[in-house]
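Each chain is listed here by its residues.
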Amino acid sequence: MRIGRILGLAVVAVCAASGPARANVDPQAMQQRVLDLINAERAQHGCGPLTLNPALNKAALRQSEAMAEQHFFDHRDPDGTTPGQRVHDTGYIFQMMGENIEAGTDTAEEAVRVWMNSPGHRANILTCAYKETGIALVDAQDDVPMRGQSMPYEYYWTQEFALPLRTSGQ
């Protein structure tokens, strides 16, 4: 298993990699596994569980696909789009949001472990104010190494975290 590089912003979410002989990856199963692991970490630290939000899933998928297709690893797209802009573009209105990204890890467990060992990513996971999340994994089977890398990342994870502007019932 390869461990990819990570990049964290204090306000910002997830995807990863594998070798030649491997099983098919089920992105929805991985999404649920990440959610379960993240919520377990949050519970251990007194935070309520996150719930999946379709708009945040869309923003996360957009970032994971962009990183895989355009061969970059960053919160800001080559065109300058930021995590907040991506989330806003889905129609989701937030009070605060964050994003974690990861590349080069091939399991939900490893992606969450890497995030929990990174101060910025850990802070996103353990920010109790966040109520909703979006998670995406792109398995870029035909990925090529990025400049300066000897091997492709192949798996690109993004997790968006958000506190909506209004919660239901308000």
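Remember, it's a predicted structure, so these values are computed and weren't measured experimentally.

A. Layout of the nonpolar core. Grouped together as the largest cluster of nonpolar side chains are 19 residues, with contacts concentrated most on Val-34, Ile-38, Val-112, Trp-115, Ile-125 and Trp-157. Elements supplying a minimum of two residues to this core: α1 (27-44), α4 (108-116), β4 (132-139) and β5 (155-164). Sequence-distant contacts of Ile-38, that is, excluding residues within four places in its chain, are made with Leu-50, Val-112, Trp-115, Ile-125 and Gln-159. Counting residues in hydrophobic clusters, the runner-up holds 12 residues, among them Met-67, Phe-72, Phe-73 and Tyr-156.

B. Just the environment of Pro-164, in detail. Here Pro-164 lies in strand β5. C-alpha of Pro-164 to C-alpha of Ala-129: the two residues are 35 residues apart in sequence and 9.9 Å apart in space. Ignoring any residue separated from it by four or fewer positions in sequence, one finds Pro-164 in contact with Tyr-92, Ile-93, Phe-94, Gln-95, Lys-131 and Glu-132.

C. Fine view of the packing of aromatic side chains. According to the stated counting rule, one finds 3 aromatic pairs in the structure shown. Relative to Tyr-153, the ring of Phe-73 lies with its centre 6.0 Å away and its plane at 45°, an arrangement referred to as tilted. One end of the pair, Phe-73, is in the loop between α2 (54-70) and α3 (83-89); the other, Tyr-153, is in the loop between β4 and β5, and 80 residues separate them in sequence. Residue classification places Tyr-153 among the buried residues on the basis of a relative accessible area of 6%. When the centroid spacing of 6.3 Å and the interplanar angle of 85° are considered together, the rings of Tyr-153 and Tyr-156 count as edge-to-face. Connected via pairs of aromatic rings, a cluster forms that spans Phe-73, Tyr-153 and Tyr-156.

D. How the structure looks around α2. Under the 1.5 Å per step criterion, the end-to-end length of α2 is 24 Å for 17 residues, consistent within 8% with the ideal 24 Å. Those residues of α2 that are buried lie in contact with α1, β2 (51-52), α3, β3 (94-103), β4 and β5. One side-chain oxygen at the N-terminal end of α2 lies 2.8 Å from the backbone nitrogen of Ala-55; it belongs to Asn-53. Just past α2, the residue His-71 takes up positive phi, approximately 55°.

E. Focus on the pattern of salt bridges. Applying the stated criterion to the full structure yields 5 salt bridges. A salt bridge links Asp-77 to Arg-86; the nearest nitrogen and oxygen atoms lie 3.1 Å apart. Accessibility classification places Asp-77 together with Arg-86 in one group, the buried group. Glu-110 serves as the salt-bridge partner of Arg-113, at 2.6 Å between the closest nitrogen and oxygen. You can see Arg-113 and its partner Glu-110 sitting in helix α4, 3 residues apart, about one turn around the helix. Linked through salt bridges whose partners overlap, the residues forming this network are Asp-77, Arg-86 and Glu-99.

F. Summary view of the packing of α1 against α4. Where α1 contacts α4, the axes come no closer than 9 Å and their chain directions differ by 40°. It follows that α1 is oblique to α4 by the angle criterion. When you trace α1 past α4, the crossing you get is right-handed. Note on element contacts: α4 touches α1 through Ala-108, Glu-109, Val-112, Trp-115 and Met-116, opposite Met-30, Arg-33, Val-34, Leu-37, Ile-38 and Glu-41. Its residues placed into classes, the contact of α1 with α4 shows 8 nonpolar, no polar and 3 charged.

The rules behind these values
- Residues numbered from 1 in each chain as written.
- Predicted model: local features only at pLDDT ≥ 70, side-chain atom pairs only at ≥ 80, totals over all residues.
- Heavy atoms only, no water.
- Core = buried A, V, L, I, M, F, W, Y, C linked by side-chain atoms within 4.5 Å.
- Buried < 20%, exposed > 50% of the residue type's maximum accessible area, 1.4 Å probe, protein only.
- Helix = DSSP H or I, 4+ residues; strand = E, 2+ residues; numbered from the N terminus.
- Contact = heavy atoms within 4.5 Å.
- Phe/Tyr/Trp six-rings, centres within 6.5 Å; stacked < 30°, edge-to-face > 60°.
- Expected span 1.5 Å × (residues − 1).
- Polar contact = N/O pair within 3.5 Å; in protein donor to acceptor, adjacent residues only side chain to side chain.
- Salt bridge = Lys/Arg side-chain N within 4 Å of Asp/Glu carboxyl O.
- Axes fitted to C-alpha atoms, helices over the stretch in contact; angles between N-to-C directions.
- Parallel < 35°, antiparallel > 145°, perpendicular 65-115°, else oblique.
- Left-handed = near helix turned anticlockwise from the far one by under 90°.
- Nonpolar A, V, L, I, M, F, W, Y, C, P; charged D, E, K, R; others polar.

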